[in-house]
Amino acid sequence: MTDYLIKNGFVFDPVQGINGDKVDVAIKDGKIVDAGDVTNPTVIDATGMTVMAAAVDIHAHVAGPKVNVGRNFRPEDKLFNGKAGSGIKRMEGGFSVPTVLRTAYLYARMGFGFSMEAAMPPLYARHTHEEIRDTPIIDQGALPVFGNNWFVLEYLKENEIENTAAYIAWLLNQTKGFGVKCVNPGGTESWGWGMNCETVDDVVPYFDVTPRQIVSGLIAANEYLGLPHCMHVHGNSLGEPGNYEITLDTLKIAEGYKPQNEFGRDVVLHNTHLQFHCYGGESYASKSFESKSKEVIDYINSVDNISYDLGVVTLDETTTMTADGPFEHHLSHMNNLKWANTDVELETGSGIVPFIYNPKTFIAGAQWAVGLECGLFIKDPMRAYITTDAPNAGPLSRYPRVYKWLMSAQAREDMLNNTLKYGDSIRERCYIGEIDREISLYELAMMTRAGPAKTLGLSHMFGSLKVGLEGDVAVYPYNPETDTDDPEKIEYAFGNAAYLIKGGRMIVKEGEIVDMGNKRTFWVNAKVNDNPMVERDISEKFRRYYTVTQNNYTVEGHHFVPNPYVIEVDATK
Ligand SMILES: [Zn+2]
């Protein structure tokens, strides 16, 4: 394997406290080593460029059945953006729901090394893994959804944490999943009865359990197992005006819980796409709707065991997709565009609706503001991660544009004055106009690398350039001394990495993708004590309710996960 030495770049690595210093970065046998430990290395001259560990995406929807339904029912998403294959690249296409190949190429061009597929329906885990397998270059994992699962609802109604944990361990093993995702806890199941959960104490019909019990029980079971990642929640009432109160109620459930794990993770709850959960007012009428991001982030700043990602609205035409079935139904009634919906037996549901975030409307502009505020109010950027909940608030390809808005007050002013039709009302009803903070490159490295790696329990591999970590390094054509004059340079540079080295292989060279890498699928194998009751429950439910047998359920073998990276967890003690 080639040794590499990246010389003369401006290095940003918050884990080591390196803030723009010119430090040489060396890679040997796929790992970061001391600069003196490489022999005959290939030298990359990074003079005038920014060097960081490869980025880590904690939440995106890029593989699996709902992504594929999005691709199928939106041919217009592929119009005029197909690109013929060239070099070793195959054809790529799609804007908000790109093909798996375009997903990989986009991540590589943006300097990413790892991405977490944010919602895997267990019953369709095989399909999810097939798409992950076909997405080259980047390492990936997937989070199975648990918040409306019949087993979980039954166990947590009786607060049976050990049984819930045993079931989680079984499911992670069966689906080759990475952690515990919870979408609209209780609400998606209630929707099967035409209802939803609008407070954390609403009772799910038949199961007689509340979102509060589901969230606290899943946190407890997650920590009982000591999983690398914490419980990852998409709360109730996503997108509803006035929902900041239920968001605060949800976050407060984490009070008193402490992280129990051997992976250096500090938090017990990750609230995803917080932007969609920080709304005030009673309706979408512009005189009523307002931002409550400050109220929510003030609370998060006051505790130390919660992280979140932003979910910034990028003002594009996109495709929304979520296991929050009731929300998508609601959305399709609002915009009258097409709607796809699935009930995943016993486990979850999902919906898909195209959406146009039109900058000429007040609401889309206000949502744009709220997402950025979520990034700008945080005191500790190690707990706030940059996402667009791709593709829900915006396509994956827009990450660099979000960086620009966070890093440049001038770019935000330009949006408020020139692009958004209701800039003045947005200044009045949101906080964005009062904030002059500009995220620094050092903070950007926290919010896109060091932070998400830590919260995923992967800081021993990713997120820093410390000796011993994976040889995952991105070099961007951005000079922090001279390129600060024009915010457009930020967007260009972070969308067009000059170099990406992944696992010690050069993937992007002088801006071109030259290698498909050694893609791995990460999953967590949690060992628990034998639990005959849970085993009996599983086989009984398969016999009585599932339309497939257990044999057709398990994700196994070379076909689905050809290059696994298994993280072992022992919860038997
Ligand atoms: Zn999501």
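Rules behind the numbers
- Residues numbered from 1 in each chain as written.
- Predicted model: local features only at pLDDT ≥ 70, side-chain atom pairs only at ≥ 80, totals over all residues.
- Heavy atoms only, no water.
- Helix = DSSP H or I, 4+ residues; strand = E, 2+ residues; numbered from the N terminus.
- Buried < 20%, exposed > 50% of the residue type's maximum accessible area, 1.4 Å probe, protein only.
- Donors = N, O, S within 2.8 Å, 3.2 Å for Na, K, Ca; no water.
- Phe/Tyr/Trp six-rings, centres within 6.5 Å; stacked < 30°, edge-to-face > 60°.
- Pairing = 2+ DSSP bridges.
- Axes fitted to C-alpha atoms, helices over the stretch in contact; angles between N-to-C directions.
- Core = buried A, V, L, I, M, F, W, Y, C linked by side-chain atoms within 4.5 Å.
- Contact = heavy atoms within 4.5 Å.
- Polar contact = N/O pair within 3.5 Å; in protein donor to acceptor, adjacent residues only side chain to side chain.
- Parallel < 35°, antiparallel > 145°, perpendicular 65-115°, else oblique.
- Left-handed = near helix turned anticlockwise from the far one by under 90°.
- Nonpolar A, V, L, I, M, F, W, Y, C, P; charged D, E, K, R; others polar.
- Patch = residues over 30% accessible without salt bridge, like charges linked within 9 Å, V, L, I, M, F, W, Y side chains within 5 Å.
- Areas by Shrake-Rupley, 256 points an atom, 1.4 Å probe, with all protein chains shown as cover.
- Salt bridge = Lys/Arg side-chain N within 4 Å of Asp/Glu carboxyl O.

Asker: Can you explain the environment of Met116? Please cite residues and give values.
Answerer: Secondary-structure assignment places Met116 in strand E9 (residues 112-120). With a relative accessible area of 0%, Met116 lands in the buried category. The spacing of Met116 and His61 is 55 residues in sequence and 8.2 Å in space, taken between C-alpha atoms.

Asker: I'd like to hear about the coordination of the zinc ion, residue by residue, with values.
Answerer: At 2.0 to 2.1 Å from the zinc ion lie its protein donor atoms, namely His59 (NE2), His61 (NE2) and Asp389 (OD). Along the chain, the residues donating to the zinc ion are arranged with the sequence spacing H-x1-H-x327-D. Of this pair, His61 sits in the loop between strand E8 (55-60) and helix H1 (65-73) while Asp389 sits in the loop between strand E20 (384-385) and helix H12 (399-407), placing them 328 residues apart in sequence. The class for His61 is buried, based on a relative accessible area of 5%. Residue class for Asp389 comes out buried when judged on its relative accessible area of 2%.

Asker: Report on the packing of aromatic side chains, specifying residues and quantitative values.
Answerer: Inspection of every chain in the model, using the stated rule, returns 27 aromatic pairs. Ring geometry for Phe542 versus Tyr546: centroids 4.1 Å apart, planes at 15°, classification stacked. In terms of burial, Phe542 and Tyr546 fall into one category: buried. Here a set of aromatic residues connected by ring pairs shows up, and it is made of Phe146, Phe151, Tyr167, Trp170, Phe542, Tyr546 and Tyr553.

Asker: Summarise unusual backbone geometry; cite the residues concerned and give the values.
Answerer: A negative phi angle is the norm for most residues apart from glycine, just as the trans form is the norm for most peptide bonds. In this structure, the amide linkage connecting Ala390 to the following residue, Pro391, adopts the cis form with an omega of 0°. Among the secondary structure elements, Pro391 is positioned in the loop between E20 and H12. Its identity as a non-glycine residue notwithstanding, Asn40 has a phi of 50°, on the positive side. Assessed through its relative accessible area of 79%, Asn40 is described here as exposed.

Asker: So what about the sheet that holds strand E17 (residues 317-322)? Which residues, and what values?
Answerer: Strand order in the open sheet formed by 3 strands is E17-E19-E18, with antiparallel pairing between adjacent strands. Every interior strand has two partners, whereas the edge strands, E17 and strand E18 (340-344), have only one. Recorded for the sheet is a direction-independent mean angle of 15° between the axes of neighbouring strands. In terms of strand pairing, E17 meets strand E19 (residues 348-356) through 6 bridges, oriented antiparallel. Counted as the bridge partner of Thr322 is Gly351 from E19.

Asker: Requested: an account of the nonpolar core, with residues and values cited.
Answerer: Core analysis: the biggest nonpolar cluster contains 157 residues, and Tyr167, Leu218, Leu269 and Trp368 have the highest contact counts within it. Look past the residues within four positions of Leu269 in its chain and what remains in contact with it is Val215, Ile219, Cys230, Met231, Val233, Thr250, Leu251, Ala254, Asn305, Ile306 and Ser307.

Asker: Talk me through the environment of Thr50; I want residue IDs and the actual numbers.
Answerer: With respect to the element layout, Thr50 can be found in strand E7 (residues 50-53). Note: C-alpha distance between Thr50 and Asp21 (29 residues apart in sequence) is 10.0 Å. Excluding anything up to four places from it in sequence, Thr50 contacts Phe10, Phe12, Leu441, Ala474, Val475, Tyr476, Tyr478 and Pro480. For Thr50, the side chain forms a polar contact with the main-chain oxygen of Tyr478, separated by 2.7 Å.

Asker: Help me get a handle on the packing of helix H5 (residues 161-175) against helix H7 (residues 211-225), residues and values and all.
Answerer: Two elements in contact, H5 and H7, have axes separated by 9 Å at closest approach and are oriented at 70°. With respect to H7, the axis of H5 lies roughly perpendicular. Note that H5 runs across H7; the crossing there is right-handed. Contacts between H5 and H7 involve Ile161, Glu162, Thr164, Ala165, Ile168 and Ala169 from the former and Gly217, Leu218, Ala220, Ala221, Tyr224 and Leu225 from the latter. Here the contact of H5 with H7 is composed, by residue class, of 9 nonpolar, 2 polar and 1 charged.

Asker: Give me the lowdown on helix H2 (residues 100-109), citing residues and values where you can.
Answerer: Counting buried positions along H2 yields 10 of 10 residues, so the element is predominantly enclosed. Among the residues of H2, those classed as buried are Val100, Leu101, Arg102, Thr103, Ala104, Tyr105, Leu106, Tyr107, Ala108 and Arg109. Among the residues trailing H2, Gly111 stands out with phi positive, at a value near 80°.

Asker: Account for a nonpolar patch on the surface, naming residues and giving values.
Answerer: Taken together, the side chains of Trp193, Met195 and Tyr206 make up a nonpolar region of the molecular surface, amounting to roughly 390 Å² of accessible area. With respect to the helices and strands, Met195 occurs in the loop between helix H6 (187-191) and H7.

Asker: Lay out H1 with the relevant residues and their values.
Answerer: The set of residues buried in H1 consists of Pro65, Lys66, Val67, Gly70, Arg71 and Phe73. The inward-facing, buried residues of H1 contact H2, E9, helix H3 (125-133), E17, E18 and E19.

Asker: I'd like to hear about the pattern of salt bridges, residue by residue, with values.
Answerer: If the charged atoms of two oppositely charged side chains come close together, the side chains can form a pair. In total, this model carries 35 salt bridges according to the counting rule given. Linking Lys7 and Asp24 is a salt bridge whose minimum nitrogen-to-oxygen distance equals 3.3 Å. In this pair, Lys7 sits in strand E1 (residues 4-7) while Asp24 sits in the loop between strand E3 (18-22) and strand E4 (25-28), placing the two residues 17 residues apart along the sequence. When the shortest N-O distance is used, the salt bridge between Arg544 and Glu540 registers 3.7 Å. Taken together, the residues span about one helical turn, with Arg544 and Glu540 both in helix H17 (residues 532-544) at a distance of 4 residues. A relative accessible area of 55% places Arg544 in the exposed class. Given the relative accessible area of 30%, Glu540 is considered partly exposed.

Asker: I'd like a rundown of the side chain of Thr175, residues and numbers included.
Answerer: Within the fold, Thr175 resides in helix H5. For Thr175, a relative accessible area of 0% corresponds to the buried category. Contacts of Thr175, omitting those with residues within four sequence positions, involve Met120, Pro122, Ala125, His129, Pro144 and Val555.

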